[in-house]
Amino acid sequence: MQENELTDQDTLIEVLENQLADNYPKEVTATLMRLRMTGHSREAALELMACALAPEMFAVVEQQQSFNLERYIAHLALLPATPWLDEAV
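Let me sum up the structure you'll find in this document. Sequence positions are assigned chain by chain, starting from 1 and proceeding in written order. Per-residue local features are limited, in this predicted model, to residues with pLDDT of at least 70; the limit for side-chain atom pairs, both in listing and counting, is 80 or more; totals at the level of whole chains, interfaces and linings are taken over all residues. Only hydrogens and water are set aside when side-chain values are computed; all heavy atoms of the structure are taken into account.

### Thoughts on helix H5 (residues 69-78)
And then number 1: A simple rule labels every residue: compare its accessible area, found with a 1.4 Å probe on the protein chains alone, to the largest value its type can have, and call it buried under 20%, exposed over 50%, or partly exposed in between. Helix and strand assignments come from DSSP, with helices taken as H or I runs of at least 4 residues and strands as E runs of at least 2, each series counted from the N terminus. Every buried residue belonging to H5 is among Tyr72, His75 and Leu76, and all of these are buried. Seen end-on, H5 carries its buried residues on one side only, within an arc spanning 100 degrees. Seen from the open side of H5, the exposed residues pointing more than 90 degrees away from its buried face are Glu70 and Ala77.
And then number 2: Each element contacted by the buried residues of H5 is listed here: helix H2 (9-22), helix H3 (26-37), helix H4 (42-63) and helix H6 (83-87). Think of the arc as the fan of directions from the helix axis to the C-beta atoms. By definition, residues are in contact when any of their heavy atoms lie within 4.5 Å.

Written out as structure tokens, the structure is:
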């Protein structure tokens, strides 16, 4: 698998679906429920959640860092806001 394949939208959604199936981390399920309860479609919620997952996948692939679960959970908690995306610009 190529590096850019690990951070494309379909792959991120697949990872999220796996996390939901495993209920790990549990914050993924809680975030999906929260976003759905606030009016987001399941698809829109997963797209937002992919925005929280993408920086972690990028850090692992591009920077050979360990997956930062705490940062990922913090980003999930901020959704639907995505202030970390502004930092990358």
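More follows now that the structure is in view.
### Considerations on the nonpolar core
And then number 1: Residues belong to one nonpolar core when they are buried, are Ala, Val, Leu, Ile, Met, Phe, Trp, Tyr or Cys, and are joined through side-chain atoms within 4.5 Å. Counting 19 residues, the largest nonpolar core has Leu16, Val28, Leu46, Met49, Tyr72, Leu76 and Leu79 as its most contacted members.
And then number 2: For this core, the element with the most residues is H4, which contributes eight residues.
And then number 3: Leave out the neighbours within four places in its chain, and Leu16 touches Val28, Leu46, Met49, Ala50, Leu53 and Tyr72.

### Points about H3
And then number 1: Here H3 spans 17 Å end to end across twelve residues, near enough to the 16 Å set by a 1.5 Å rise per residue.
And then number 2: Taken together, the buried positions of H3 are occupied by Val28, Thr31, Leu32 and Leu35. With its buried residues spanning 100 degrees around the axis, H3 presents them on a single face. Of the residues in H3, the exposed ones pointing more than 90 degrees away from the buried face are Lys26 and Met37.
And then number 3: The inward-facing, buried residues of H3 abut H2, H4 and H5.
And then number 4: Just past H3, the residue Gly39 takes up positive phi, approximately 100 degrees. For a helix, the expected span equals 1.5 Å multiplied by the residue count minus one.

### Focus on unusual backbone geometry
And then number 1: The omega torsion across Tyr24 and Pro25 is -10 degrees, close enough to zero to call that bond cis.
And then number 2: Locating Pro25 in the fold gives a position in the loop between H2 and H3.
And then number 3: A cis amide bond links Leu79 to the next residue, Pro80, at an omega of 15 degrees.
And then number 4: By secondary structure assignment, the location of Pro80 is in the loop between H5 and H6.
And then number 5: A positive phi angle is found at Asn23, which is not glycine, with a value near 55 degrees.
And then number 6: Along the chain, Asn23 turns up in the loop between H2 and H3.
And then number 7: Notably, Gln64 is not glycine yet its phi reads approximately 50 degrees, a positive angle.
And then number 8: You can see Gln64 is positioned in the loop between H4 and H5.

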